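# Secondary and tertiary structure notes
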Amino acid sequence: MKKLILLSIVFFSVIITCGCSSTKTLTCTNSETKEGMKMVQTITMQFNNDKIKKIKMNISTTAETDELKKSWQMLSNILDASFKIENSKGITISTKNDNKNYTYDISYDIDLTKANKEKLKELEIDDLLHSEESYEDTKKEAQQNGYTCK
């Protein structure tokens, strides 16, 4: 009997320390072209206990018309000015301008468990801290907005 109780305690201890939290990853992509600009978005969200905890997002914009290519330097300067946000704990933002291929990439890496609330508010994503949407809700909403998710 003592052995059974000991095994039960060990079993439940393992479950409590290892098995209570479930981590899922959802990756959604969207590609669209408007007014000569092609935009490809990839968003990867990590869920823990069915709540978003981490987000990685990449937005790649490419000029496809000669008119936009001619004004690429001006456009990329505007984008540079728009994304001058200082990295902080839990938030990393990077940009890359490829003048030869007329492509501008913006990458976000956000850990909601570590990020400063004021910085999240500045990025207009502070509502994610209080989101009640589950993995399935988020996937469904993304697909309704034209994303392909897996």
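Preceding this paragraph is the structure being described.
Parameters and conventions
Residues numbered from 1 in each chain as written. Predicted model: local features only at pLDDT ≥ 70, side-chain atom pairs only at ≥ 80, totals over all residues. Heavy atoms only, no water. Helix = DSSP H or I, 4+ residues; strand = E, 2+ residues; numbered from the N terminus. Buried < 20%, exposed > 50% of the residue type's maximum accessible area, 1.4 Å probe, protein only. Contact = heavy atoms within 4.5 Å. Core = buried A, V, L, I, M, F, W, Y, C linked by side-chain atoms within 4.5 Å. Phe/Tyr/Trp six-rings, centres within 6.5 Å; stacked < 30°, edge-to-face > 60°. Pairing = 2+ DSSP bridges. Polar contact = N/O pair within 3.5 Å; in protein donor to acceptor, adjacent residues only side chain to side chain.

### Notes on the overall build of the protein
In terms of regular secondary structure, the protein is built from 5 helices and 6 strands. Traced from its N-terminal end to its C-terminal end, the protein shows the element sequence α-β-β-β-α-α-β-β-α-α-β. For the protein, the residues scored as buried account for 25% of the 150 residues in total. The contacts in the protein between residues at least 6 apart in sequence include a share of 55% that link residues at least 24 apart.

### Quick word on the nonpolar core
In terms of nonpolar packing, the biggest core is built from 27 residues, with Leu26, Cys28, Met45, Ile91, Tyr108, Ile110 and Leu123 touching the most fellow members. Looking at this core, the elements with two or more residues in it are strand S1 (23–34), strand S2 (37–48), strand S3 (51–63), strand S4 (91–98), strand S5 (103–111) and helix H5 (135–144). Apart from residues lying up to four places away in sequence, Tyr108 is in contact with Ile55, Lys56, Met57, Ile59, Phe83, Thr92, Ile93 and Leu123.

### Overview of the packing of aromatic side chains
With the rule as written, the count across this model stands at 2 aromatic pairs. A centroid spacing of 5.3 Å and a plane angle of 75° characterise the contact between Phe47 and Tyr135, whose relative ring orientation is edge-to-face. Here the residue Phe47 occupies a position in strand S2, and Tyr135 occupies one in helix H5, the gap between them amounting to 88 residues. Both residues of the pair, Phe47 and Tyr135, belong to the buried class. With a centroid separation of 6.2 Å and 90° between ring planes, the pair formed by Trp72 and Tyr102 is classed as edge-to-face. A residue pair is termed long-range when its members are at least 10 positions apart, and Trp72 in helix H3 (residues 72–82) and Tyr102 in the loop between S4 and S5 qualify at 30 residues. Residue classification places Tyr102 among the partly exposed residues on the basis of a relative accessible area of 26%.

### A closer look at the pairing of S2
Bridging between S1 and S2 involves 12 bridges; their strand directions are antiparallel. Bridged to Leu26 within S2 is Met45. Here S1 hands over to S2 after 2 residues, with Glu35 in that stretch at a positive phi of 50°. As judged from the 12 bridges shared by S2 and S3, these two strands associate in the antiparallel manner.

### Looking at the side chain of Thr103
With respect to the helices and strands, Thr103 occurs in strand S5. Side-chain polar atoms of Thr103 contact the side chain of Thr62, separated by 3.2 Å. Not counting the four nearest positions on each side in its chain, Thr103 is found in contact with Ser60, Thr61, Thr62, Trp72, Lys96, Asn97 and Asp98.

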